[in-house]
Amino acid sequence: MQSPLDGSALPTVEATDPETVPALARKAREAQRAWAELGARDRASAIAPVKERLLARAEEIADLLRRECGKPFEEAALSEVLPNADLVDYWTTSIEELLEGTTVELDALAYPGKVGRIHKAPRGLVGLITPWNYPVAIPLRTLVPALLAGNAVLFKPSEITPRAGALVASLFEGLLPEGLLALVQGGADVGGAVIEAVDLVVFTGSVETGRRVAVRCAERLVPCSLELGGKDAAIVLADAPIERTARGLVWGAFTNAGQNCASIERAYVERPVADKLVARICELTKELRPGADTAVLTTARQASIVRRHLAEAEANGAEVLAGGAPEEGSLAFPPTVVKVSDEDTPLMREETFGPILPIVVVDGVEDAIARVNASRFGLTTSLWTKRFGRAHELARGLRTGVVTINNHGFTAALPAAPWSGTGESGYGVTNSVHALAELTRPQFVLEDRSGATRELWWYPYTPVLRTIALAMARARGGAGFFGRITAVFQLIGALPKRLLGG
Ligand code: NAD
């Protein structure tokens, strides 16, 4: 494969033979048993060195991502290295507390001598299938908590970024029991083999593939977590701070050349501020330096989608205000700003995953919210305004998993903040205790120290038991005041009979 940056050759990576996946899964499962026994504190100590390894290899990682994906060096270091150091810190220092079991309070009269506890047990073997757009950060966000929770992992990175995938796996080398983390390389066939072998699938990728993964998981009756595409919007209110909003929208739309699930792919701007904001956005866009500030598109397939969306929008009346399509075959798609009036075009409906910022002028924020919510996607939305109270009210009306006020998209880098979507953006959760809930299963353990020879509800079913059951229903609210009093007397009479075997 060639680098999208300059066409230079990248080292070849052998694909894994899908037929070897079951053996890797068996080995991982064997290693998992002892790993789960180890306890959260020891697992955290084992994994903690990943942080230093990441930081020490920052330059190597950023350089690889520049060559393999076409990312600017600074962007790679800032989005794929530094937040992951925080990620390792967060999980290794909090996992023991987060995995602690909880006690379930049981009514002492109804359930004498009984105590219940909920344990968070590992799922077992997790299949992790990831995309190419953030090929270091995205796998680490699941690998770290999944392993810390006591799971083994079969990790299949994208076939477009297998070198970044190998680098991620190498960060754990020598720290884990052999076979606990197995790296498998390849495309759909290897991904399919992973799904067949695991107890939980954590998938990040396109809607199309996610749907296929979900169907197969449903057939196997194994759970899956899906983080899929987006058509994220920015809503700019008339009182928005112009300079910050313009800079925020330009970064939110063009970082990683828009190849970001949370990229701003639609901006709805209230009319009073539109001219000023659009003018500033265009100025800032034209200042971006190709290659230094902006990534190239990673694949030719992506470039053709972006090109098609722009061409169809233009044919539908969209006006290009900055940028525009490059020559046919080029991956260096310039950051492009377009003014759109007719939203019935793929650029406004489908995921573009490219550096195009379409702007729509609206007469009111309610109209903008209705348009945002009309999408079949629901990942993130940003609101830009100085009125925070109003923004919080509006946030409650948005059906996206994340809402940011005067910022956009970066919260995937916060390990304690849940990242999730609605609709076709999927229902998986990355980061936070909510992700941990997916990576574990609740196991309820009840102990009974009452020592009684039998329970009220055990055999035999007798007329006395029937009287008790109906009296309990009346006493607990199934009758009026006098009915309840009568029921209590019935219980006083019937319970001793039951205790004596009646
Ligand atoms: P993709 O769906 O083409 O591939 C994702 C992964 O699935 C790859 O590893 C691929 O090899 C594997 N795969 C493909 N077919 C498979 C099959 N039949 N069975 C099992 N695995 C299979 O996605 P992509 O092009 O790599 O990534 C881009 C997409 O990811 C975009 O839609 C983007 O929005 C989405 N994404 C979402 C998030 C999020 O957090 N919601 C984050 C990053 C990317």
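Residues numbered from 1 in each chain as written. Predicted model: local features only at pLDDT ≥ 70, side-chain atom pairs only at ≥ 80, totals over all residues. Heavy atoms only, no water.

A. View of the side chain of E265. Here E265 is to be found in the loop between α10 (242–254) and β9 (266–270). Given a relative accessible area of 2%, E265 falls into the buried group. Of the polar contacts made by the side chain of E265, one reaches the side chain of K231; its length is 2.8 Å. A distance of 2.8 Å separates a polar side-chain atom of E265 from the backbone nitrogen of F353. Apart from residues no more than four positions distant in its own chain, E265 is found in contact with G230, K231, D232, G258, L347, E350, E351, T352, F353, G354 and P358. (Helix = DSSP H or I, 4+ residues; strand = E, 2+ residues; numbered from the N terminus. Buried < 20%, exposed > 50% of the residue type's maximum accessible area, 1.4 Å probe, protein only. Polar contact = N/O pair within 3.5 Å; in protein donor to acceptor, adjacent residues only side chain to side chain. Contact = heavy atoms within 4.5 Å.)

B. Quick look at helix α17 (residues 463–478). The end-to-end C-alpha separation of α17 is 20 Å, well short of the 22 Å expected for 16 residues at 1.5 Å each. Here the buried face of α17 lies against α18 (481–499). (Expected span 1.5 Å × (residues − 1).)

C. Looking closely at a nonpolar patch on the surface. Taken together, the side chains of F481, F482, I485, V488, F489 and I492 make up a nonpolar region of the molecular surface, amounting to roughly 680 Å² of accessible area. Among the structural elements, I485 can be located in helix α18. Residue I485 is classed as partly exposed on the basis of its relative accessible area, which comes to 37%. (Patch = residues over 30% accessible without salt bridge, like charges linked within 9 Å, V, L, I, M, F, W, Y side chains within 5 Å. Areas by Shrake-Rupley, 256 points an atom, 1.4 Å probe, with all protein chains shown as cover. Salt bridge = Lys/Arg side-chain N within 4 Å of Asp/Glu carboxyl O.)

D. How the structure looks around the site of the ligand. Near the ligand, the surroundings consist of 28 residues, among which E159, S206, T209, L228 and E351 are the closest. In the model, a nitrogen atom of the ligand is placed 2.7 Å from a nitrogen or oxygen of the L228 main chain. Here an oxygen atom of the ligand sits 3.0 Å away from a polar atom, N or O, in the side chain of W419. For the ligand, the accessible surface in isolation is 850 Å², of which the surrounding protein chains cover 89%. Among the elements of the structure, α8 (188–197) and β6 (200–204) are those that each provide at least two residues to the shell around the ligand. Here the shell around the ligand is composed, by residue class, of 13 nonpolar, 11 polar and 4 charged. When residues of the shell around the ligand are assigned to domains, at least three fall in each of domain 1 (21–228 + 432–443) and domain 2 (233–417). (Near = heavy atom within 4 Å. Nonpolar A, V, L, I, M, F, W, Y, C, P; charged D, E, K, R; others polar. Domains from an automatic or database assignment.)

E. Main features of α10. A rise of 1.5 Å per residue sets the reference length of α10, with its 13 residues, at 18 Å; its end C-alpha atoms lie 18 Å apart and thus fit the reference within 8%. Residues of α10 that are buried include every one of I242, T245, A246, G248, L249, V250, G252, A253 and F254, and no others.

F. Expanded view of the pattern of salt bridges. Within this structure, the stated rule accounts for 30 salt bridges. R163 serves as the salt-bridge partner of E68, at 2.6 Å between the closest nitrogen and oxygen. Here R163 lies in helix α7 (residues 162–170) and E68 lies in helix α4 (residues 58–69), a separation of 95 residues in the sequence. Like E68, the residue R163 is buried in the burial classification. One salt bridge in this structure joins R280 and E283, with 2.5 Å as the shortest N-O distance.

G. View of the packing of α17 against α18. Orientation of α17 relative to α18, taken along the N-to-C sense of each, is 145 degrees, at an axis distance of 8 Å. Between α17 and α18 the crossing geometry is left-handed. Of the residues in α18, those in contact with V464, L465, T467, I468, A471, M472, R474, A475 and G477 of α17 are G483, R484, A487, V488, Q490, L491, A494, L495, K497 and R498. Within the contact of α17 with α18, the residues separate by chemical class into 11 nonpolar, 4 polar and 4 charged. (Axes fitted to C-alpha atoms, helices over the stretch in contact; angles between N-to-C directions. Left-handed = near helix turned anticlockwise from the far one by under 90°.)

H. View of the state of the cysteines. Enumeration according to the criterion identifies 0 disulfides in this entry. Left unpaired, C69 is separated from the closest cysteine sulfur, that of C261, by 14 Å. With relative accessibility at 1%, the residue C69 sits in the buried group. (Disulfide = S-S within 2.5 Å.)

I. Broad picture of the pairing of strand β3 (residues 125–129). Most of β3 sits inside the fold, with 5 of its 5 residues counted as buried. Side chains L125, G127 and I129 of β3 all project onto a buried face; the interleaved residues V126 and L128 project onto the opposite face, where all are buried too. As defined by bridge partners, β3 adjoins strand β4 (residues 152–156) across 5 bridges and the pair is classed as parallel. What sits directly across from L125, in β4, is A152. With helix α6 (residues 137–148) bridging β3 and the parallel β4, this β-α-β connection has right-handed handedness. (Pairing = 2+ DSSP bridges. Right-handed = clockwise from strand over helix to strand, strands pointing away.)

J. Region of interest: the sheet that holds strand β2 (residues 114–122). If you trace the 3 strands from one edge of the open sheet to the other, you get β1-β2-β19, paired in antiparallel fashion. Edge positions in the sheet fall to β1 (102–104) and β19 (440–448), since each has one partner strand and no second. Averaged over all adjacent pairs, the angle separating strand axes in this sheet is 30 degrees, with direction ignored. The pairing of β2 with β19 spans 9 bridges and is antiparallel. Note on β19: the bridge partner recorded for K114 is D448.

K. Structural detail: unusual backbone geometry. Of note, the amide linkage connecting Y459 to P460 takes the cis form, showing an omega dihedral of 5 degrees. Counting through the fold element by element, P460 comes out in the loop between β19 and α17. One non-glycine residue, F353, lies in the positive phi region at around 60 degrees. Here F353 lies in the loop between α13 (346–349) and β12 (356–362). Among the residues examined, F353 registers a relative accessible area of 11% and is labelled buried. Unusually for a residue other than glycine, S432 sits at a positive phi of about 80 degrees.

L. Spatial organisation of the sheet that holds strand β14 (residues 380–384). Strands sit in the order β10-β11-β12-β9-β8-β14-β15 across an open sheet of 7 strands; the sheet is mixed. The outermost strands of the open sheet, each flanked by one partner alone, are β10 (319–322) and β15 (402–405). With direction set aside, neighbouring strand axes in the sheet form an average angle of 25 degrees. The strands touched by helix α15 (residues 388–396) within the sheet are β14 and β15, with β15 carrying the most contacts at an inclination of about 165 degrees.

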